[in-house]
Amino acid sequence: MVTINYRRFREKMESFVLPNGLHVNLIARPSFHQTEGVLTTRFGSVNTTITVDNQLKTYPSGIAHFLEHKLFEKEEYDAFDKFAIYGADSNAFTSFTRTSYLFSTAENVGECVSTLLDFVFSPYFSDQTVNKEKGIIGQEIQMYEDDANWQLLFGIINNLYPKTPLTADIAGSVQSIQAITPAMLYECDQYFYRPSNMSLMIVGNFDGVQIKEIIKNATAGSSASNDRLNLQRVKLAYPLIVPFAERQMDIQRPKLALGIRFEKDFLPAERFKVKIMLQIILEMLVGESSTDYQRLFDQGLIDNSFGYEIQLEDGFQFVDFYLDTSLEQIDQTAAELKAIIVNAAVKLTEQKPIFESMKREFIGRAIKGMNSNENIANHFDLWLYGERTVFDIPAMIEQLTFDEVIDFADQFFDPAELTRYQILPRGDQK
Amino acid sequence: MKSEFNYELKPGIKVRFIQSKQFKSVQMMVSFIHELKNKRELASRTLLAGILESSSAAYPNQHAITLKLAELYGATFGANTEVEGNLNLLNFVYSFVAPEYLKAGQSLLDESIDFLNQIIFHPRMEKGMFKPEVFERQRMNLKTYIQGIVDNKQSEALVNVQRSYFDDPIQQNTPYGTETDYQELTNQDIVAAYDQMLRRDQVQITVMGDLDLDFLKHSLSKFEFQESARETLHEICYSQAVKNQVKVQTKNESVQQSKLDLIYHLPIDAHQDRMFYAAVVMNAFLGGSPQSLLFQNVREKASMAYYAESSYSSLRSMVLIQTGIQATNHDSVLTLIKEQIAALQQGDFSVEQLAKIKIELINERQRMQDSPASNLEQAVLSELLDRPLDYKTQRNGIQAVTKQDVVAAASQLKLQTEFFLKGEMANGNY
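The structure presented is a predicted model; accordingly, all values stated were derived computationally and were not measured. (Residues numbered from 1 in each chain as written. Chains lettered and ligands numbered in written order. Predicted model: local features only at pLDDT ≥ 70, side-chain atom pairs only at ≥ 80, totals over all residues.)

**Some words on the packing of helix H8 (residues 268–286) of chain A against helix H16 (residues 402–412) of chain A**
Residue and element names in this part refer to chain A. To keep it simple, the criterion reads: Where helices are involved, their axes are fitted lines through C-alpha atoms of the stretch in contact, as for all axes, and angles between N-to-C directions lie from 0 to 180°. Secondary structure elements are taken from DSSP: a helix is a run of H or I of four residues or more, a strand is a run of E of two residues or more, and numbering for both begins at the N terminus. For classification purposes, angles smaller than 35 degrees are called roughly parallel, those larger than 145 roughly antiparallel, those between 65 and 115 roughly perpendicular, and all remaining angles oblique. Placing a C-beta atom from the backbone of each residue, one calls two residues in contact when those atoms lie within 7 Å. Only Asp, Glu, Lys and Arg are considered charged in this grouping, and only Ala, Val, Leu, Ile, Met, Phe, Trp, Tyr, Cys and Pro are considered nonpolar; every other residue, Gly among them, is considered polar.
Taken N-terminus to C-terminus, the directions of H8 and H16 make an angle of 90°; their axes are 10 Å apart at the nearest point. The angle between H8 and H16 falls in the class roughly perpendicular. Facing Val-274, Met-277, Ile-280 and Ile-281 of H8, the residues of H16 in contact are Val-405, Phe-408 and Ala-409. When its residues are assigned to classes, the contact of H8 with H16 shows seven nonpolar, no polar and no charged.

**So, the interface of chain A and chain B**
Of the residues lining the interface, 54 residues belong to chain A; the matching set on chain B comes to 50 residues. Elements with a contribution of two residues or more to the side of chain A that touches chain B: helix H2 (79–85), strand S8 (99–105), helix H4 (127–146), helix H9 (291–298) and helix H12 (355–369) of chain A. Here the residues of the side of chain A that touches chain B sort into 19 nonpolar, 19 polar and 16 charged.

**Things to note about the domain arrangement of chain A**
Residue and element names in this part refer to chain A. We count it as follows: Residue ranges labeled as domains rest on an automatic or database domain assignment.
The assigned domain composition of chain A is domain 1 (2–233) and domain 2 (244–425). A separation of 28 Å is found between the C-alpha centroids of domain 1 and domain 2. Contacts between the two partners involve 31 residues from domain 1 and, on the opposite side, 28 residues from domain 2. Mapped onto the side of domain 1 that touches domain 2, the elements with two or more residues apiece are strand S2 (11–17), strand S3 (23–28), strand S4 (35–41), helix H5 (148–160) and strand S9 (198–204). Take the side of domain 1 that touches domain 2: its biggest share by element is nine residues, from H5. Each residue belonging to the side of domain 1 that touches domain 2 can be placed in one class, and the counts come to 16 nonpolar, eleven polar and four charged.

**With respect to the sheet that holds S3(A)**
All names here are of chain A. We apply this condition: When DSSP finds at least two bridges between two strands, those strands are taken to pair.
Here we have seven strands laid out as an open sheet, ordered S1-S2-S3-S9-S4-S8-S7, and mixed in their pairing. Every other strand in the sheet has two partners, leaving strand S1 (2–6) and strand S7 (89–94) as the edge strands with one partner each. For this sheet, the mean angle separating the axes of adjacent strands, direction not counted, is 15°. The strands touched by helix H1 (residues 63–71) within the sheet are S7 and S8, with S7 carrying the most contacts at an inclination of about 165°. The strands touched by helix H7 (residues 208–218) are S2, S3 and S9; relative to S3, the strand with the most contacts, the crossing angle is about 160°.

Right under this line is the structure:
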């Protein structure tokens, strides 16, 4: 067991690995009322192709998300109901690279921890329950198909990583999920839900001694026998980008997105720093602190709908910029944003006087983020960042120099990797 | 541990200070409260908030404000409006990091009050008017924002069902007013709204954090509030007469997923005691949680909706039901919803089910204590209603609700309005 003390913030984290391989991290915060528990497996929507003992296996798009839905339902009970009896909320989400199961509770933390460890490790799938779920997930997929912002994100991903599993909706398509069977779900469960492929994080108001005991007993039964399995994730291809694409939808205002990707992969320590550097860089380039943001805002080219998102994952990394605009302005706005992105290093040098303020900004944001147990739990990602938490952020920013930020920006923003996607109101295609 | 202090800064300007060490930041909210007289005030006050938020004499644009906030270690600031029954609140929301967590250890309280004072009392004006370009920019931004609301289909259905249900034009157009209002508002209208806000509105200042009371009092006394005759707030709760006829509306659009929204009249408001908690529990039971009848029977069992939920507005005496469904399932979903309500009215549920719902509600309230924003909102609402809304009061109120109470509350539900946003792209796959 390792204890990390964050003295400045009067917080500490305990970490250990169970004999079966499950990674456990605990942050006790007695002044809070609620406790968040998150159990995460490294299995996301992109993991549809793997090799097991050198044998290639391909699964339908949306299988990780489907499995997430189905794990709640058991032969005798529903895990949702069980949490509810303890007064807890439970939920789950699937992203490109991981699936997480969460509870949030103010009472009965011990019972919630054992329920979480129990239901995620006891799969039950039947033809009947799997077929019924196709209806529910089909509705969810259709809802996303109508969601123009979601379509914009996937449009830009299609341009950045054409024909890779990343372009499939996380839930799959109405067609792809029809092919899912209980046998496939059992197989994926066996491959990806091994304790050594998973991590448990608990943050909040709990009795550490009692919780450690519960964790040791709850997972004692789940075997580590599959650990000799030789499972390899097939790496995402890195095809040429599609520089431009567009589509129409039933919307009022056109939507524009620009995306830029970066090939080099990072080690966890590096990635943690890169994420923070990118946040500062983007704020200085196109955030409300930048002179360009104010200029474009004053010209009426961008408004509050403008935003950007950083995706740093194992195997792919990109930044996407998005906004709502008008038909008259869409080309000019795209050109302006493009000019900023491809000249990032020059633009940043012009903004050097605000660098110290930006460091303060992000130190403050990180400290305010410590107000939320949920934020602390969700920010933690063992495989992406190692055992780093929000408590590590302020000191890291304090040490950051302007020169290293500029050097990084120069590498990251490569004009050849920039692409544009847009959604126009129906009938207005240019 | 939390302790509370209440005092009056000047007549009509109340301060509530919640002293607490739980969070690593200090939260503040200055609320200007006004009883709405006509629907245009929704737009004028929203526009006023937008103008004051984005500029001041000392900080002429968004850029200057953002940089000031960054310098104050990422202090968070925003101005917004909300409608609470018959009242409109124009809020200045602000938070800053507690000094002990900053490396330099400096207190940001005085600088923060000075910043807010600049924003509230010294806007960017020219010859008695708001700077024309700021006014125009904010007006256009809000107009396009309002136009864009219908791009989210769930919001579009909500806007329509509420327009159809309410008799009062103010309620019909909450919270932001209409596009036409923004078209017609003049700079002079906003100056008048600002004058009303400064001299006539009631003011509530709410502060939470680890501060010394005398130190805080001293800082707050620097706000340049004028002594003037401030308005009397009559009734926060909106009510309207129940109708015998159900209004039914359908709108066709080329989207995948249809939306069916209903509004029921429920003559129980936040001033009541036992029946108020009965209505809260009844709504949670109907569609306010994953354990609810709508979620379980419409979404889970019948697999007919991706979402099916209800919400009770105790300040408007109504229950809203929102669903996302297949167009072809309209009739079956409507029947299922009515069956769930009938079950509650007839007491066709077990005390165990009721107990689960109550535990869930109590937990939710316990968890709200961990959110700085919820703490402030609850403090303001409690002041407006002049009744305690702290965790213990709410827990006791919810615990006391019996099966008979739920039946009595449900029996007063009267369907008034149905709105159906009919999707014409249903692909008929299931």
